Amino acid sequence: MVERSLARLAGVVSRRRRVVFAVWIALLAAGGWFSLHQNDHLSGGGWEVPGSPSVRVSDAIQHDFPSLRTPVFTVFVTGRTPADVAGRLREARRTAAADPGVVPGRTVLLDGGRAALLTLGYRGRSANAIDEATRLRHALVRTTPAVQTRVIGEPAIWSNFQDVSKKQLARGEAIGFPLILLILLAGFGTLVAAFAPLALGFAAVFLTGAAIYALSRSFEISVYVTNMASMIGIGVAVDYSLFIVSRFRRELHGLAAPAPAKPTPPLPAGLRQAYARDAEKAQALARAMSSSGTAVVFSGATVAVSLAALFAIDVNALRSMAVGAIVVVCISVLASITLLPAMLAAVGTHVDRLRLPLPWRTSEAGSDAFWSGWARRIMRRPVTGLAVGAGFMLVLAIPFFWMSTFTRGLDELPRNAEVRVATEHAHRLTGPGFGAPVHVLTPSHASISRSLAAIPGVARVAPPVASRGGRQWLTDVTLSVPVESQAARRVVHRIEAVAGPDATLGGSTVFDMDVAHAIFGGLWKMLLVILAACYVVLFVLLRSVLLPLKAVLMNLLSVGAAYGVLVAVFQWGWLDWTGYNSPGYVETIVPALVLAVTFGLSMDYEVFLLTRIRERWLEHGDNERAVAEGLTLSARIITSAALVMVAVFFAFVVAGAPSLKELGTGLGVAILLDATIVRLLIVPAAMRLLGGWNWWMPSRLARLLPAPSH
């Protein structure tokens, strides 16, 4: 049914291609301003875990302790003399007092008066704290020969990150698009064929930027969304169009496999009449869309469902990233089945024009001989292929069992970023725990201050403060260790033991622990949703019980290997000899994103490979021959698509923040291994061993599915 619908859609788009072009140009023009301003209303917040201890303490401070205003921003002033600092501090206090969003708090003098900290409480909603930080930075940040003023604090970090991320996004795309063009030119050998996938990638990412702007006006959208959507969008849009363009070229030149016994949908009557003089081009387009177009639609659905599994984790920032990525995938699929057929119908047989003089063959049959020999070797020694491939992937996955995760916002900024330099300077003067105490909320007045002060890693303990009505008491504990570290987590556990079971802890360190617990506690739910969704999609597409099961197991191998590489590179520092300084941990959000995105993207290659194998099996019913032929027909395009995806991820590894470096590395490794070791070695070897069981389907289940198109 899907195949017939896409073939008909190809006919409609071909006949109305001018209308299709006009609609897409209008969409791009209308979304232009919004796409360029997609970062304007993004948030660094959204990491709160509903019902967690840190959120309960934060709510209690806000509602039950009206005399307290927890500092959210800090004005950091340094100067040549105490008089210079004091004068600038008075000006900063007056400026802050005129801002209705903040309340000036206490002043702390440092370094003999040559530095000072002015704390500012925040009156507004947490979702608007970054906007407030941006306003404060514009109003207060100043550098003169005598004095320097900076705004620091968590919202200021993310305000600075918004500026940095715009530059990183532009740099990543500036690296990614030329790399993709080079790969496409090397694979296709013609400018026309290489241009179409690149145009679709640009259109999908550009329109997604406008959608992100619209969503950010109504919902809290994470600052990470733009980079993630760009990274995924460029990759999937180019991959999807690559599949279709490659199949279109093969059909044009008569290189596609013979039609199955029950042929793919014939050209609709209207299309035959409209293109009587150009039936070859129209038929090639219809067949390309009914075959590769179907693979694209099912792949896109699987990617979207895999990303939607992030909603199993009750963290809004992750959910907003999922929304942004789902939007760009859906736009990519829509462009692939509307804009791309219109482009191919317009160029027709000229798709191979403007050929480059390359030293290797770039026709669709250019590497069939190599892959045919590869397939024969795997079919002769399937046990060896399966053992070597699976063993290699399992060895790569071993470091995963030692993974340690943290969330450190300051590390997301470059070392020379305004807020990072000021924050690190302030920490050298005050100690790493200043401004981010552990809040200890207890139901009784029983003094525990002396016991808390005796804990190793505690710098000082503030006197307890009573809540409204005197039913609760709040004690702030300042740490002598960095608040986002393993040492701080150990101190928090000691504080919990001293404070007793009736106490509730909050603050930055506890918040970080709550987020990590929510994400890792939700991974098993994510995994179940993804496994079930991927199984169902492949079950309907392939009409097989065992092939979808094999596919999800293969994807687990790719995810496990990616996790192992992340630990080895970023936590253990195995590449530090190159000059890279590993952070010593894995960013908390990265494992969940790698799981969802890898499962989704790897299905591109799984669907493309298995649909080709199924086409051949339907033709002659010989499993071994079908696996070999399907591998031969799809291996070249799978490797090209994987190179495109890896190039995109590499571009963001080079240009992105540390968390994006980790995400890009994890996804790049997973996709590279999945498209080579898994799809071109383990999968065909396993299918050779399974034999006819690959296509086993109980008759009762078969009757519940839609009628097959072949």
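Residues numbered from 1 in each chain as written. Predicted model: local features only at pLDDT ≥ 70, side-chain atom pairs only at ≥ 80, totals over all residues. Heavy atoms only, no water.

Undergrad: Is there a simple way to explain the overall build of the protein chain in this structure?
TA: Across its full length, the protein chain holds 24 helices and 12 strands. Over its C-alpha atoms the protein chain spans a radius of gyration of 29 Å, differing by no more than 12% from the 27 Å that the globule rule assigns to 710 residues. Taken along its principal axes, the extent of the C-alpha atoms in the protein chain is 85 × 50 × 50 Å. Here the protein chain, with 710 residues, has 57% of them falling under the buried criterion. Considering only contacts in the protein chain between residues 6 or more positions apart, those separated by 24 or more positions represent 81%. Of the accessible surface of the protein chain, which amounts to about 28,500 Å², a share of 63% is contributed by carbon and sulfur atoms. Distance from the positive charge centre (65 side chains) to the negative charge centre (44 side chains) of the protein chain: 5 Å. (Helix = DSSP H or I, 4+ residues; strand = E, 2+ residues; numbered from the N terminus. Rg over C-alpha atoms; globule rule 2.2 N^0.38 Å. Buried < 20%, exposed > 50% of the residue type's maximum accessible area, 1.4 Å probe, protein only. Contact = heavy atoms within 4.5 Å. Areas by Shrake-Rupley, 256 points an atom, 1.4 Å probe, with all protein chains shown as cover. Lys, Arg positive; Asp, Glu negative; His and termini not counted. Charge placed at Lys NZ, Arg CZ, Asp CG, Glu CD.)

Undergrad: Explain the nonpolar core to me, please; I cannot follow it from the model alone.
TA: Counting 182 residues, the largest nonpolar core has Trp-47, Leu-307, Leu-318, Met-321, Met-526, Ile-589 and Tyr-605 as the members making the most contacts within it. Dropping the residues within four chain positions of it, Ile-589 is found in contact with Trp-47, Tyr-224, Leu-318, Met-321 and Ile-519. (Core = buried A, V, L, I, M, F, W, Y, C linked by side-chain atoms within 4.5 Å.)

Undergrad: Before we go on, may I ask you to explain the state of the cysteines in this structure?
TA: Put plainly, a disulfide is one covalent bond tying together the sulfur atoms of two cysteines. Across all of its chains, the model carries zero disulfides by this definition. Cysteine Cys-330 is unpaired, with the sulfur of Cys-534 as its nearest cysteine sulfur at 15 Å. We classify Cys-534 as buried; its relative accessible area is 1%. (Disulfide = S-S within 2.5 Å.)

Undergrad: Teacher, can you tell me more about the environment of Gly-692 here?
TA: Looking at the element boundaries, Gly-692 is found in the loop between helix 23 (658-690) and helix 24 (699-704). Placed 239 residues apart in sequence, Gly-692 and Ala-453 show a C-alpha to C-alpha distance of 70 Å.

Undergrad: What should I look at first to understand the pairing of strand 5 (residues 147-152) in this one?
TA: Regular strands show a simple pattern: their side chains alternate between the two faces of the sheet. In terms of residue burial, strand 5 counts as a mostly covered element, since five of its six residues are buried. Here two bridges tie strand 4 (residues 142-143) to strand 5, and the two strands are oriented antiparallel to one another. For Thr-143, the partnering residue across the bridge sits in strand 5 and is Gln-148. Where strand 4 folds back on strand 5, the antiparallel hairpin that results is connected by three residues. (Pairing = 2+ DSSP bridges.)

Undergrad: Please explain the packing of helix 6 (residues 129-140) against helix 7 (residues 154-188) as it appears in this structure.
TA: Angle between the axes and distance between the axes: these two values describe a pair of packed helices. Where helix 6 contacts helix 7, the axes come no closer than 8 Å and their chain directions differ by 80 degrees. As judged from the angle between their axes, helix 6 and helix 7 are roughly perpendicular. In this structure, helix 6 contributes Ala-129, Ile-130, Ala-133, Thr-134 and Arg-137 to the contact, and helix 7 contributes Pro-155, Ala-156, Trp-158, Ser-159, Asn-160, Gln-162 and Asp-163. Of the residues contributing to the contact of helix 6 with helix 7, the split by class is six nonpolar, four polar and two charged. (Axes fitted to C-alpha atoms, helices over the stretch in contact; angles between N-to-C directions. Parallel < 35°, antiparallel > 145°, perpendicular 65-115°, else oblique. Nonpolar A, V, L, I, M, F, W, Y, C, P; charged D, E, K, R; others polar.)

Undergrad: Just checking my understanding: could you explain helix 22 (residues 623-655) for this structure?
TA: Given 3.6 residues per helical turn, the α-helix brings residues three or four places apart onto the same face. When the terminal C-alpha atoms of helix 22 are compared, their 46 Å separation across 33 residues agrees well with the 48 Å that a helix rising 1.5 Å per residue should span. The largest bend along helix 22 reaches roughly 45 degrees and is located at Ser-634. Of all the 33 residues making up helix 22, 24 are buried; the element is thus mostly covered by neighbouring parts of the structure. If you check the start of helix 22, you find a side-chain oxygen 3.2 Å away from the backbone N of Glu-624, and it comes from Asp-622. (Expected span 1.5 Å × (residues − 1). Bend = angle between axes of the 7 residues up to and from the residue. Polar contact = N/O pair within 3.5 Å; in protein donor to acceptor, adjacent residues only side chain to side chain.)

Undergrad: Any chance you could explain the packing of helix 21 (residues 590-620) against helix 22 here in plain terms?
TA: Contact pair helix 21 / helix 22: the axes reach a minimum separation of 8 Å and the direction vectors enclose 160 degrees. The angle between helix 21 and helix 22 places the two elements in the roughly antiparallel class. Like other packed secondary-structure pairs, helix 21 and helix 22 cross with a definite hand, here right-handed. The residue inventory of the contact of helix 21 with helix 22, partitioned by class, reads 16 nonpolar, four polar and five charged. (Left-handed = near helix turned anticlockwise from the far one by under 90°.)

Undergrad: Honestly, the pattern of salt bridges in this entry has me stumped. Any pointers?
TA: It is possible for side chains of opposite charge to pair when their charged atoms get near one another. One pass over the structure, following the stated rule, counts 18 salt bridges. A salt bridge links Arg-420 to Glu-424; the shortest N-O distance between them is 3.0 Å. Taken together, the positions of Arg-420 and Glu-424, both in helix 16 (residues 418-430) and four residues apart, correspond to about one turn of that helix. (Salt bridge = Lys/Arg side-chain N within 4 Å of Asp/Glu carboxyl O.)

Undergrad: Please clarify how unusual backbone geometry should be interpreted in this entry.
TA: For residues other than glycine, phi is negative in most cases, and the peptide bonds are mostly trans. A positive phi angle, near 55 degrees, is found at Asp-111, a position not held by glycine. Relative to the helices and strands, Asp-111 is located in the loop between strand 2 (102-110) and strand 3 (115-122).

Undergrad: For this particular structure, what's the right way to read the packing of aromatic side chains?
TA: Geometrically, a pair of aromatic rings is defined through the distance of the ring centres and the angle of the planes. Evaluated as defined, the whole model comprises 19 aromatic pairs. Each ring, one from Phe-400 and one from Phe-401, has its centre 5.7 Å from the other, and the planes form 55 degrees; the classification is tilted. Residue classification places Phe-400 among the partly exposed positions, given a relative accessible area of 31%. On the basis of relative accessibility, which here comes to 66%, the residue Phe-401 falls in the exposed class. With a centroid separation of 5.1 Å and an interplanar angle of 25 degrees, the aromatic rings of Phe-400 and Tyr-563 are classed as stacked. Of this pair, Phe-400 sits in the loop between helix 15 (382-397) and strand 6 (405-406) while Tyr-563 is found in helix 20 (residues 546-571), placing the two residues 163 residues apart along the sequence. For Tyr-563, a relative accessible area of 7% corresponds to the buried category. Here a set of aromatic residues connected by ring pairs shows up, and it is made of Trp-47, Trp-158, Phe-161 and Tyr-224. (Phe/Tyr/Trp six-rings, centres within 6.5 Å; stacked < 30°, edge-to-face > 60°.)

Undergrad: How should I be thinking about the environment of Leu-410 in this particular structure?
TA: Relative to the assigned elements, Leu-410 resides in the loop between strand 6 and helix 16. Given the relative accessible area of 14%, Leu-410 is considered buried. Remark: the alpha-carbon pair of Leu-410 and Glu-154, spanning 256 residues in sequence, is separated by 8.2 Å. Ignoring any residue separated from it by four or fewer positions in sequence, one finds Leu-410 in contact with Ile-157, Val-419, Arg-420, Thr-423 and Glu-424.

Undergrad: Quick question: what am I supposed to make of the confidence of the model for the protein chain here?
TA: Chain-level statistics for the protein chain give a pLDDT mean of 84 and a share of 92% at 70 or above. Per-element confidence in the protein chain ranges from a low mean pLDDT of 46 for helix 10 (residues 269-274) to a high of 94 for strand 5. Here residues 255-264 is modelled with pLDDT under 50, and outside its nearest four sequence neighbours on either side it reaches 22 contacts, counting other chains as well. Every residue in residues 270-277 scores below 50 in pLDDT, and together they form 11 contacts with partners more than four places removed in sequence or on other chains. (pLDDT = per-residue confidence, 0-100.)

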